[in-house]
Amino acid sequence: MEIAESVSMRSTCLRRRYGAVIVSKDGRIVSTGYNGAPRHRDNCSDLGVCLRDELNVKPGTHYEICRAVHAEANAIINGNPLDIIGGTLYLCGTDAATNEPTKNISPCAMCERLILNAQIARVVMRDANRKLVEINPLDWDDDSRLIEEHRRNMGLINNNNKQSLDDQIEAITAIRKVTSSGSCCGGGCCS
């Protein structure tokens, strides 16, 4: 876990620093990752601004507005798939402002899917009390929980909401068009 914490210090996120280390079945470190912008893109630490902070985006929601690739994703992307299968992913997170361990640490829904597809057998995380928590990815809830969470985050569960579903989705995704380049990440994929 200390190695994951060291890796997290390379993070370029202004909100949270995450580090991930993948260890193979036979105990070798086969990949590491930290949260930061994709290759060939400016990091939030270089820009000096976090768009999610500027827009007051609630933690754990609307990751599409974030420039960062998550630590777990980077570790999976940069590792040899054959070494990763059956391995353990160690995940460590700290608040960038306070340097305190992240409360309620858990991979996001997208990273859970990546971990499952990478066939990682175990995820070990450090909680706010610095205790290690081990999870078998096969024990994670299926996406039905995520659908309800997404609806709640988008305000779709509120029956008093008079906007149509299309209008609500357009309102949420319109935030992505804020950047001067006309796309969410500057890559031109969304313009």
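Residues numbered from 1 in each chain as written. Predicted model: local features only at pLDDT ≥ 70, side-chain atom pairs only at ≥ 80, totals over all residues. Heavy atoms only, no water.

### Things to note about the side chain of S11
- Among the structural elements, S11 can be located in the loop between α1 (2-8) and β1 (16-23).
- Of the polar contacts made by the side chain of S11, one reaches the side chain of N35; its length is 2.8 Å.
- In this view, S11 contacts R16, R17, Y18, Y34 and N35; residues no more than four positions away in its chain are not counted. (Helix = DSSP H or I, 4+ residues; strand = E, 2+ residues; numbered from the N terminus. Polar contact = N/O pair within 3.5 Å; in protein donor to acceptor, adjacent residues only side chain to side chain. Contact = heavy atoms within 4.5 Å.)

### Points about the environment of G79
- By the element assignment, G79 lies in the loop between α4 (71-78) and α5 (81-84).
- When the C-alpha positions of G79 and V30 are compared, they lie 6.2 Å apart, and in sequence the two are 49 residues distant.
- Ignoring any residue separated from it by four or fewer positions in sequence, one finds G79 in contact with V30, S31 and I84.

### With respect to the sheet that holds β1
- Pairing in this open sheet of five strands is mixed, and the strands run β2-β1-β3-β4-β5 from one edge to the other. Edge positions in the sheet fall to β2 (29-34) and β5 (132-135), since each has one partner strand and no second. Going across the sheet, the axis of each strand differs from the next one's by a mean of 20 degrees, ignoring polarity.
- Strand direction decides the pairing type here: strand β3 (residues 88-95) and strand β4 (residues 122-126), joined by four bridges, are parallel. Within the sheet, the bridge partner assigned to Y90 lies in β4 and is V124.
- Along the sheet, α4 makes contact with β1, β2 and β3, crossing β2 at roughly 140 degrees. (Pairing = 2+ DSSP bridges. Axes fitted to C-alpha atoms, helices over the stretch in contact; angles between N-to-C directions.)

### Section: the confidence of the model for the protein
- On average, residues of the protein score 82 in pLDDT, and 76% of them are at 70 or above.
- Confidence, expressed as mean pLDDT per element, reaches its minimum in the protein at helix α8 (residues 165-173) with 58 and its maximum at β2 with 97.
- Note on residues 175-191: pLDDT is under 50 here. Beyond four places in sequence and across chains, it has 19 contacts. (pLDDT = per-residue confidence, 0-100.)

### What to know about the pairing of β5
- Relative to β5, β4 runs antiparallel, the two being bridged by four bridges. Its bridge partner being in β5, V124 is matched across the sheet by E134.
- Counting the residues between successive antiparallel strands, the hairpin from β4 to β5 contains five residues, one of them, R130, with a positive phi of roughly 65 degrees.

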